[in-house]
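Secondary and tertiary structure notes
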Amino acid sequence: MPPKKAAAKPNVSAEELLGHYREMLLIRRFEEKAGQLYGMGLIGGFCHLYIGQEAVVVGLEAAADEGDKRVTSYRDHGHMLACGMDPKGIMAELTGREGGFSKGKGGSMHMFSKEKHFYGGHGIVGAQVPLGAGLAFADKYKGNDRVTFTYFGDGAANQGQVYETYNMAQLWDLPVVFVIENNGYAMGTSVVRSTKSPSLWERGAAYGIAGEEVDGMSVLAVKEAGERAVAHCRAGKGPYILEVKTYRYRGHSMSDPAKYRTRDEVQKMRDERDPIEQVRDMLLTGKHATDDDLKAIDKEIKAIVNEAAEFSKESPEPALEELWTDIYAEVEA
């Protein structure tokens, strides 16, 4: 199954470009603030930042429709913000406060929003993949034309349950887009040391699943590929795999010193392929915005993030009785 040829560059309006810029910048500034709060001891447990990978989720959300679902791994704050979850509720959850999306009980890796069709970050590597297929199965059963985006990383791509899920998803023609966020490092192990296959998306060929590789540092390339994947699923043709080649600037988690790669490697990616800077350059060179316009957007985004941080600090910690809530679902016989 050969990879698809890249289509001609799509025409994009100034409004769309500014929207992508704003969304990616919100994720970047939010994650930078989360890193600061973690360093201050206000965020406990694990914290995996999305800095560098913003174009992936922003591009795919631009291809999604209302009612489409998403489920992902523990590197999940960007996905929450991109699908419209309130930054205040996300930050409050990170700090374990009552105002968080999981009432302070889930933390970074385990918060949900039924309203935004966000079905969680998940801490067990690869565990969200069969869950994503299950969400897609429910939609096919209901016949509602919805699609589920199931995100996982290059490390999770070597988990056995991924391939069991591929088999069932293709067997039942489930409307699920499997998104492999290949950032080059499974925790601290380079993909070239952990994976023999030259590409990850082509493994789906064994099950007859269509797919392609995408430049994950270009929000427009991701959106374009996402639209192809979504159209495939909505047409009843079964699942689709997108291997999105991206890069994270920080370590695997906040506790990772990232000594397995050089500073020069990271800086080179920042200087040459940063997803936000690419869109910034397009806005400026196309005269869609001035430098002052973009500074104003940055100031606005920083205010939103600072407000979220203050909300998280002021929100009370959960009461002890909260330990016993949301354990069982109440259903009528």
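This write-up is about the structure you can find in this document. (Residues numbered from 1 in each chain as written. Predicted model: local features only at pLDDT ≥ 70, side-chain atom pairs only at ≥ 80, totals over all residues. Heavy atoms only, no water.)

Here we come to the pattern of salt bridges. This structure, assessed with the given rule, holds 26 salt bridges. Note that E16 and K223 form a salt bridge whose closest N and O atoms lie 2.8 Å from each other. With E16 in helix α1 (residues 14–39) and K223 in helix α8 (residues 219–234), this residue pair connects regions lying 207 residues apart in the sequence. Given a relative accessible area of 32%, E16 falls into the partly exposed group. In this structure, the salt-bridge partner of D326 is K103, at a minimum N-O distance of 3.2 Å. Highlighted residues: D326 in the segment after α11 (291–314) and K103 in the loop between α4 (87–94) and α5 (128–142), separated in sequence by 223 residues. Relative accessible area serves as the criterion here: at 59%, D326 is assigned to the exposed category. Overall, K103 belongs to the partly exposed group, its relative accessible area being 34%. (Salt bridge = Lys/Arg side-chain N within 4 Å of Asp/Glu carboxyl O. Helix = DSSP H or I, 4+ residues; strand = E, 2+ residues; numbered from the N terminus. Buried < 20%, exposed > 50% of the residue type's maximum accessible area, 1.4 Å probe, protein only.)

A few words on the packing of aromatic side chains. A full pass over the atoms with the stated rule returns six aromatic pairs. Between Y185 and Y260 the ring centres are 5.3 Å apart and the planes differ by 45°, which places this aromatic pair in the tilted class. Of the two residues, Y185 sits in strand β4 (residues 185–186) while Y260 sits in the loop between β7 (240–245) and α9 (263–273), which places them 75 residues apart along the sequence. Accessibility expressed as a relative area gives 10% for Y185, which makes it buried. (Phe/Tyr/Trp six-rings, centres within 6.5 Å; stacked < 30°, edge-to-face > 60°.)

Bear in mind that shape data such as this cannot, by itself, settle questions of function.
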